[in-house]
Amino acid sequence: MSEIDARFAQAQDEVRQLPERPSNLTLLRLYALFKQATEGDVYGDKPGLADIVGKYKYDAWAALKGTSQDTAKHQYAELVESLKNGTAS
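Computed from a predicted structure; not experimentally measured.

Thresholds, definitions, all that
- Residues numbered from 1 in each chain as written.
- Predicted model: local features only at pLDDT ≥ 70, side-chain atom pairs only at ≥ 80, totals over all residues.
- Heavy atoms only, no water.
- Buried < 20%, exposed > 50% of the residue type's maximum accessible area, 1.4 Å probe, protein only.
- Helix = DSSP H or I, 4+ residues; strand = E, 2+ residues; numbered from the N terminus.
- Contact = heavy atoms within 4.5 Å.
- 1 Å grid on protein atoms, 1.4 Å probe; cavity = no way out; pocket = protein on both sides within 12 Å on 5 of 7 lines; lining within 4 Å.
- Points joined across faces, edges and corners; volume = space filled by probe spheres on them.
- Nonpolar A, V, L, I, M, F, W, Y, C, P; charged D, E, K, R; others polar.
- Polar contact = N/O pair within 3.5 Å; in protein donor to acceptor, adjacent residues only side chain to side chain.

K.L.:
Any chance you could explain helix α3 (residues 52-62) here in plain terms?
P.N.:
Since the α-helix turns once every 3.6 residues, residues separated by three or four places project in the same direction. Along α3, the residues classified as buried are Gly 54, Lys 55, Tyr 58, Ala 60 and Trp 61. Summarising the contacts, the buried residues of α3 are in contact with α2 (24-39).

K.L.:
What should I look at first to understand the layout of surface pockets in this one?
P.N.:
With a probe scaled to a water molecule rolled over the atoms, the places where space remains empty come into view. Put simply, the largest pocket is a space of about 160 Å³. Taken together, Arg 21, Asn 24, Leu 25, Leu 27, Leu 28, Tyr 31, Val 53, Tyr 56 and Lys 57 make up the lining of the largest pocket. Elements represented by at least two residues in the lining of the largest pocket include exactly α2 and α3. Broken down by element, the residue count for the lining of the largest pocket peaks at five residues, all from α2. Tallied by class, the residues present in the lining of the largest pocket amount to six nonpolar, one polar and two charged.

K.L.:
Any chance you could explain the side chain of Gln 36 here in plain terms?
P.N.:
By secondary structure assignment, the location of Gln 36 is in helix α2. Given the relative accessible area of 0%, Gln 36 is considered buried. A polar contact is formed between the side chain of Gln 36 and the side chain of Asp 41, at a distance of 2.9 Å. Within the local environment of Gln 36, its side chain forms a polar contact with the side chain of Trp 61, the two groups lying 3.2 Å apart. Residue contacts for Gln 36: discarding those within four places in its chain leaves Asp 41, Val 42, Trp 61, Leu 64, Lys 65, Gly 66, Thr 67, Gln 69 and Ala 72.

Now the structure itself:
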């Protein structure tokens with residue numbers, strides 16, 4: 001396992017142990033980074049207006065199109081670290 005893979009796996013454990021639930025926008029960012037890191041670029045049809053949460057998730061993931069999986073893993077780990085330290089915006 002590479003260093004970035006180990007750090008990403010550790011961040012996945014740490015995000016579940018945060019003392020406070022992140023804001024919805026931060027959760028959306030975590031979701032998009034996780035999907036990009038594990039599956040790559042967005043695929044499938046964009047959800048319609050009836051599925052507003054699905055639409056936001058799709059759009060957040062689509063915004064990362066072209067981002068490498070290792071870069072997404074690094075950004076995910078950095079975001080979790082900032083949440084742990086209380087420095088996330």
